[in-house]
Amino acid sequence: GTTSLVLGNAIQSTICFMTNTANRVVTLPQISAMTGDKKIVINVKDASFVANASNITIYTSGGDLVDNAASFVINENGASVTLINDEGTNWYII
């Protein structure tokens, strides 16, 4: 099975510690639909150290991209990724 986390349009800087042992999905909010401060930082961490067997896939919304792709996969145990947006349609891994 897959465990999903959909981040809402009103979020601010967010840290997601993913601890399930199934494949996990994080869906980023569509940047143009976000309210308030649209320039945010999102951190996603494989806190269970099982991403090699149970990947964490980060998807964009509404045509946005993460480093020029529609998704990004964390597939190394204990790995993390930090994302920031440009207030347009792009999420960048920093």
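This one's a predicted model, so the numbers in the text were calculated from it and none came from an experiment.

Cut-offs used in this document
Residues numbered from 1 in each chain as written. Predicted model: local features only at pLDDT ≥ 70, side-chain atom pairs only at ≥ 80, totals over all residues. Heavy atoms only, no water. Helix = DSSP H or I, 4+ residues; strand = E, 2+ residues; numbered from the N terminus. Buried < 20%, exposed > 50% of the residue type's maximum accessible area, 1.4 Å probe, protein only. Contact = heavy atoms within 4.5 Å. Areas by Shrake-Rupley, 256 points an atom, 1.4 Å probe, with all protein chains shown as cover. Pairing = 2+ DSSP bridges. Core = buried A, V, L, I, M, F, W, Y, C linked by side-chain atoms within 4.5 Å.

S.K.: Is there a simple way to think about the overall build of the protein chain in this case?
M.R.: Across its full length, the protein chain holds zero helices and nine strands. Going residue by residue from the N terminus, the α and β elements of the protein chain occur as β-β-β-β-β-β-β-β-β. By the burial criterion, 34% of the 94 residues in the protein chain qualify as buried. For the protein chain, the share of sequence-separated contacts (at least 6 apart) that also reach a separation of at least 24 residues comes to 61%. Carbon and sulfur atoms provide 50% of the accessible area of the protein chain, an area that totals close to 4700 Å².

S.K.: Is there a simple way to think about the pairing of strand β9 (residues 90-93) in this case?
M.R.: Regular strands place their side chains on alternate faces of the sheet. Here strand β6 (residues 65-66) pairs with β9 via two bridges, running parallel. Each residue of the ladder has a partner; that of Val66, found in β9, is Trp91. Between strand β8 (residues 80-85) and β9, which pair antiparallel one after the other, the connecting turn spans four residues, and Glu87 there sits at a positive phi close to 65°.

S.K.: Even after reading the chapter, I still don't get the nonpolar core, so can you show me in this structure?
M.R.: One recurring pattern in soluble globular proteins is that nonpolar side chains are buried together. By size, the foremost hydrophobic cluster in this structure holds 17 residues, and its most contacted members are Leu28, Ile42, Val44, Ile58, Ile74, Leu83 and Trp91. Put simply, the parts of the chain that give this core at least two residues each are β4 (41-46), β5 (56-59) and β8. When near neighbours in sequence (up to four residues on either side) are disregarded, Ile74 contacts Val44, Ala51, Asn55, Ile56, Ile58, Ala79 and Val81.

S.K.: Can you help me understand the side chain of Ser54 in this one?
M.R.: Along the chain, Ser54 turns up in the loop between β4 and β5. Looking at Ser54, the relative accessible area reads 8%, which means it is buried. Contact partners of Ser54, with chain neighbours within four places excluded, come to Thr21, Ala22, Asn23 and Arg24.

S.K.: Sorry if this is basic, but what is going on with the environment of Ile56 here?
M.R.: One can find Ile56 in strand β5. Since its relative accessible area comes to 0%, Ile56 is described here as buried. Taking the C-alpha atoms as reference points, Ile56 and Val26, separated by 30 residues in sequence, lie 7.3 Å from one another.

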